[in-house]
Amino acid sequence: MMLEKMKPYFAVIFLQFGNAGLVIIAKAALNHGMNHYTFAVYRNLIATLVITPFALFFESKGRPKLTISIFFKIMLLGFLEPVVDQNLYYAGMKYTTATFAVAMCNIIPAMTFVLAWICRLEKVNIKKIHSMGKIVGTLVTVGGAMIMTVVAGPTIGLPWTKGSTTDHQQQSTTPPVSPADNIKGSMMIIAGCVSWSFFYIVQAITLRSYPAELSLTALICAAGTMQGSIVTIIAERGNNEAWRLHLDAGLVTMVYGGVICSGLGYYLSGIIMKEKGPVFVTAFNPLSMVIVAVLGSIVLSEQMNLGRVLGAAVIVIGLYLVIWGKSKDESQSNSKCDPDQLPPVNQQQIPMTISSTKLAKEDQDSLSIAIPPTNETVVKINGK
């Protein structure tokens, strides 16, 4: 029972590890000339090829009907994240740094929270302390991420970073970023994050009418591949070299991003959303900064400073407040019947037994009537 409750937390932490890993290898691939347009196309193509067989096998019988409304929602999902977000985010990263791009992603929880509140996907009652806990926790996590980015402080001498010259080497090998490029990249990343927030909201809404996570993931990636190809043909017209694949860091980034971040990422976030909502998924986004800082310290021997440690501590406190508020919401919804979760009246079956009086004598005939009278069937049980 405890393991079942912990599954969403393990899944969302796995997503943050996956995103953190992609940021590191994608920045390296972009520095070596990877085209972000074709990266998005091939990444979603790989995700489509990997997820589609699982969707066909596991959801062949329970897949809902694909209506016109659902089709347009899937096309919108394929445009918001696979096309707009991925292209703007990685184009902005090319003009800035990986650390800055990860830091800017921490505006996603706040944006998603506001959008979910407006769309009534998240229950918020400012008179309740647990609702205030969710609001404050979201702001605290964003603030912690900003502390990690802005505040430096003294260097903490860890055993595995002593004598490291990583920072000096990075300063000497990383080309300087001009103020104009920095502003341009920042605007691109912010626009991508806004699109990503809308993606989470539309995905949560779509899952209500199309609750087939694997099939929805495959369709989103296929729609993203098609729309991204059109955008790339227009943006890179005449540049056939951009479509050519090479056995380098770019190909590794495409496979990793397609399988882990697009395929598994959309699927797991969909499962978590059905149980916890979109705010829960995005609330853990600042955790990726902590992961990048820790992995960079251990794997790359990067220096750890006091600002990163304080920011990580603040992020943990904020996540605790959000999780506490969500748990209180769930306990209240389990203890009380939520009128919004009741089926509509025209879908409820109300059995009735009617006795009638005929010629001043009680007729023993019993009638069972189904409401609503969609079938309009009156079954005479003990009559003639």
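Residues numbered from 1 in each chain as written. Predicted model: local features only at pLDDT ≥ 70, side-chain atom pairs only at ≥ 80, totals over all residues. Heavy atoms only, no water.

## Comments concerning the overall build of the protein chain
Each helix and strand counted, the protein chain has 13 helices and five strands in total. Looking at the 384 residues of the protein chain, the share that counts as buried comes to 44%. Partitioning the contacts of the protein chain with sequence separation of at least 6, the portion at a separation of at least 24 is 82%. When the accessible surface of the protein chain is summed, it comes to about 20,800 Å², and 67% of that surface belongs to carbon and sulfur atoms. (Helix = DSSP H or I, 4+ residues; strand = E, 2+ residues; numbered from the N terminus. Buried < 20%, exposed > 50% of the residue type's maximum accessible area, 1.4 Å probe, protein only. Contact = heavy atoms within 4.5 Å. Areas by Shrake-Rupley, 256 points an atom, 1.4 Å probe, with all protein chains shown as cover.)

## Looking at the confidence of the model for the protein chain
Residues of the protein chain with pLDDT of at least 70 account for 75%, and the chain-wide mean is 78. Below pLDDT 50 for its whole length, residues 356-363 participates in six contacts with residues either more than four positions away or in separate chains. (pLDDT = per-residue confidence, 0-100.)

## Observations concerning the pattern of salt bridges
With the rule as written, the count across this model stands at two salt bridges. Lysine 274 serves as the salt-bridge partner of glutamate 213, at 2.9 Å between the closest nitrogen and oxygen. Taken together, the positions of glutamate 213 in helix 9 (residues 213-235) and lysine 274 in helix 10 (residues 249-276) put the pair 61 residues apart, joining distant regions of the chain. Among the residues examined, glutamate 213 registers a relative accessible area of 13% and is labelled buried. (Salt bridge = Lys/Arg side-chain N within 4 Å of Asp/Glu carboxyl O.)

## Observations concerning the packing of helix 9 against helix 10
At a minimum axis separation of 9 Å, helix 9 and helix 10 run at an interaxial angle of 135°. The angle between helix 9 and helix 10 falls in the class oblique. Viewed along their axes, helix 9 and helix 10 form a crossing whose handedness is right-handed. Facing helix 9, whose interface residues are Glu213, Leu214, Thr217, Ile220 and Cys221, helix 10 presents Ser262, Gly263, Tyr266, Tyr267, Gly270, Ile271 and Lys274. Each residue belonging to the contact of helix 9 with helix 10 can be placed in one class, and the counts come to six nonpolar, four polar and two charged. (Axes fitted to C-alpha atoms, helices over the stretch in contact; angles between N-to-C directions. Parallel < 35°, antiparallel > 145°, perpendicular 65-115°, else oblique. Left-handed = near helix turned anticlockwise from the far one by under 90°. Nonpolar A, V, L, I, M, F, W, Y, C, P; charged D, E, K, R; others polar.)

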